[in-house]
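Analysis of the macromolecular model
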Amino acid sequence: MTRADKKALRALSRLANALVEDVLATSDGEILTEFTETHGDPRKNSDAMRSLFEKSVLNVRKARLRAAQAGVTADRTSATARKIVSIEDARGKLRRVLASCPPHVKFTLAARNEDELSDADVLGMLQDLEELGVVPPDDKSGGHP
Amino acid sequence: MKGLTPAERLLQDLGISEPQEIDLEAIAFHLGARVRFRKLEGCEARIIGCNDTAIITIDHSCSPTRKRFSLAHEIGHWTHHRGQTLVCRVEEWRPQDKMSPERVANTFAADLLMPKYLFATAARAYPKLNFKTVAGIAGVFRTSLTATAIRLVDLGHSPALLVCHSSLGRKWFTRGPDVTSRWFPRDNLDADTFAFGVLHGGQPDDTMPHRMGAEAWFDRWEAQKHDVYEQTVRTGDDEVLTLVLITDSRMLEEY
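Residues numbered from 1 in each chain as written. Chains lettered and ligands numbered in written order. Predicted model: local features only at pLDDT ≥ 70, side-chain atom pairs only at ≥ 80, totals over all residues. Heavy atoms only, no water.

Examining the sheet that holds strand 7 (residues 210-213) of chain B
All names here are of chain B. Read across the open sheet, the five strands follow the order 6-5-9-8-7; overall the sheet is antiparallel. A single partner strand is all that each edge strand has here, and the edge strands are strand 6 (169-175) and strand 7. Adjacent strand axes in the sheet meet at a mean angle of 30° when their direction is disregarded. In this structure, strand 5 (residues 160-166) lies alongside strand 6, joined through six bridges in antiparallel fashion. Residue pairing for strand 6: Cys-164 is matched across the bridge by Trp-172. (Pairing = 2+ DSSP bridges. Helix = DSSP H or I, 4+ residues; strand = E, 2+ residues; numbered from the N terminus. Axes fitted to C-alpha atoms, helices over the stretch in contact; angles between N-to-C directions.)

This is the structure:
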């Protein structure tokens, strides 16, 4: 930075300070009068600005919803069908997976109106666990996560 | 976002400003949970989660309103009980323990499906509380008649009680915030009530509320001095739901 640049910067800083002091020294009433003369009703203006901010915030939030909806559509097309496996093997595998979940894995399980698991439920749970990466899809090792 | 429940905050976080925008699959996805509709035999819905991702499975044979409730309920578990293993049994609408995981998930589901900030506006369009109003609002929010009626009564649309009976007696009831606790519904349906005719006499659903002596509904000496309005609809083979409307302002006075 040259000496001339530094001088200009100092001048600019002095001007900014003077402007700030000028604003701080002005009363609220004077500011409102000045605003009204230049831009019209301050309340109307503040309402319009607030509404603009709210609309922007809402748009950003709705964009999150649209992104999630797009994710759901993509997920639907990528869902895979289950392969046929022996139900005894599947039950054993599920039992082992549930019993041997390591402590560092935060495992969540809740089922409404839970009764004894049917064959379809066992296969469905294994499919879910495969999708979640807890069990490798072609696991031959017995399903240790 | 002050005064909002966790479910309502979630909805506002996604910019949901109309009941039609309550897209539960998208909400689940936003939280890291994918939804599958498959045949389930041992339960109506379940969630399996690993760290911050989960799969919610809903029984595809349930009714659309039931599926929505189950999905909202599982999103409630995912929000409040992450990292826990829960086994949920068949329970009545309102489990006794306020902090029970099922009650927490049910409350979350009600808030997610019928958030107060949207529900109150929709309810204001209906000045009278009756089952026509309930059905109209249930259609907007895609919720069951029972869940919607509970919400309307609990939020104090009009001073009322909602009572559910089977042939074995009263199953549960809820009381609006304006109705004092001294009005406690009888255990069994009085034979004079219209509800009795619907449950036991094969009568059709009431199309509008009927005037009835309050003593038919409440076992209190002072009930003889008042009338209430009742309307009953059948909600199951052996289940009826009755709105008991309190229109006499003296019944609302505190002692």
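Concerning empty space enclosed by the protein
Counted by the stated rule, this structure contains one cavity of 30 Å³ or more. Here the largest cavity is characterised by a volume of approximately 50 Å³. In terms of lining residues, the largest cavity is bounded by A:Val72, A:Asp75, A:Arg76, B:Glu25, B:Phe29, B:Ala33, B:Arg34, B:Val35 and B:Arg36. Breaking the lining of the largest cavity down by element, the ones donating at least two residues are helix 3 (42-78) of chain A together with helix 2 (24-30) and strand 1 (33-38) of chain B. No other element matches the four residues that strand 1 of chain B contributes to the lining of the largest cavity. Of the residues contributing to the lining of the largest cavity, the split by class is four nonpolar, no polar and five charged. (1 Å grid on protein atoms, 1.4 Å probe; cavity = no way out; pocket = protein on both sides within 12 Å on 5 of 7 lines; lining within 4 Å. Points joined across faces, edges and corners; volume = space filled by probe spheres on them. Nonpolar A, V, L, I, M, F, W, Y, C, P; charged D, E, K, R; others polar.)

Looking at the interface of chain A and chain B
Taken together, the contact between chain A and chain B spans 36 residues of the former and 51 residues of the latter. Interface area, chain A with chain B, both sides summed: about 4,000 Å², of which 51% is carbon and sulfur. The interface formed by chain A and chain B holds eight salt bridges in total. The partner of A:Lys62 in a salt bridge is B:Glu21, with the nearest N and O atoms 2.7 Å apart. Remark: the boundary between chain A and chain B carries 20 residue pairs in polar contact (both at pLDDT 80 or more). When contributions to the side of chain A that touches chain B are tallied by element, the ones reaching two or more residues are helix 3, strand 1 (107-111) and helix 5 (119-131) of chain A. (Contact = heavy atoms within 4.5 Å. Buried area = accessible area lost by both parts, 1.4 Å probe. Salt bridge = Lys/Arg side-chain N within 4 Å of Asp/Glu carboxyl O. Polar contact = N/O pair within 3.5 Å; in protein donor to acceptor, adjacent residues only side chain to side chain.)

Section: the packing of aromatic side chains
Each aromatic ring pair is summarised here by two numbers: the centre-to-centre distance and the angle between the ring planes. All names here are of chain B. Per the stated rule, a full pass over the model turns up three aromatic pairs over all chains. Judged by centre distance (5.3 Å) and plane angle (45°), the rings of Phe-119 and Phe-141 are tilted. Here Phe-119 is found in helix 5 (residues 116-124), whereas its partner Phe-141 is found in helix 6 (residues 131-141), with 22 residues between them in sequence. Exposure remark for Phe-119: the relative accessible area of 1% places this residue in the buried category. Since its relative accessible area comes to 1%, Phe-141 is described here as buried. Looking at Arg-82, its charged tip hangs above the ring of Trp-78, at a distance of 3.8 Å from the centre. The aromatic ring of Trp-183 is capped on one face by Arg-220, whose charged end is 5.9 Å from the ring centroid. (Phe/Tyr/Trp six-rings, centres within 6.5 Å; stacked < 30°, edge-to-face > 60°. Buried < 20%, exposed > 50% of the residue type's maximum accessible area, 1.4 Å probe, protein only. Lys NZ or Arg CZ within 6 Å of the ring centre and 35° of its normal.)

Examining a positive patch on the surface
A cluster of basic residues, A:Arg3, A:Lys6, A:Lys7, A:Arg10 and A:Arg14, forms a positive patch on the protein surface. Turning to its location among the elements, A:Lys6 is positioned in helix 1 (residues 3-25). (Patch = residues over 30% accessible without salt bridge, like charges linked within 9 Å, V, L, I, M, F, W, Y side chains within 5 Å. Areas by Shrake-Rupley, 256 points an atom, 1.4 Å probe, with all protein chains shown as cover. Lys, Arg positive; Asp, Glu negative; His and termini not counted. Charge placed at Lys NZ, Arg CZ, Asp CG, Glu CD.)

Looking at a negative patch on the surface
Residues and elements named next belong to chain A. Taken together, the side chains of Glu-21, Asp-22, Glu-30, Glu-34 and Glu-37 define an acidic patch exposed on the protein surface. At the level of elements, helix 1 and helix 2 (28-39) are the ones that each hand at least two residues to the negative patch. Along the polypeptide, Glu-37 turns up in helix 2. You can call Glu-37 exposed: its relative accessible area is 65%.

Topic: the packing of helix 5 of chain B against helix 7 (residues 145-154) of chain B
Residues and elements named next belong to chain B. The contact between helix 5 and helix 7 brings their axes to 11 Å, and the two run at 85°. The angle between helix 5 and helix 7 falls in the class roughly perpendicular. Where helix 5 approaches helix 7, its residues Lys-116, Phe-119 and Ala-123 are matched on the opposing element by Thr-148, Arg-151 and Leu-152. (Parallel < 35°, antiparallel > 145°, perpendicular 65-115°, else oblique.)

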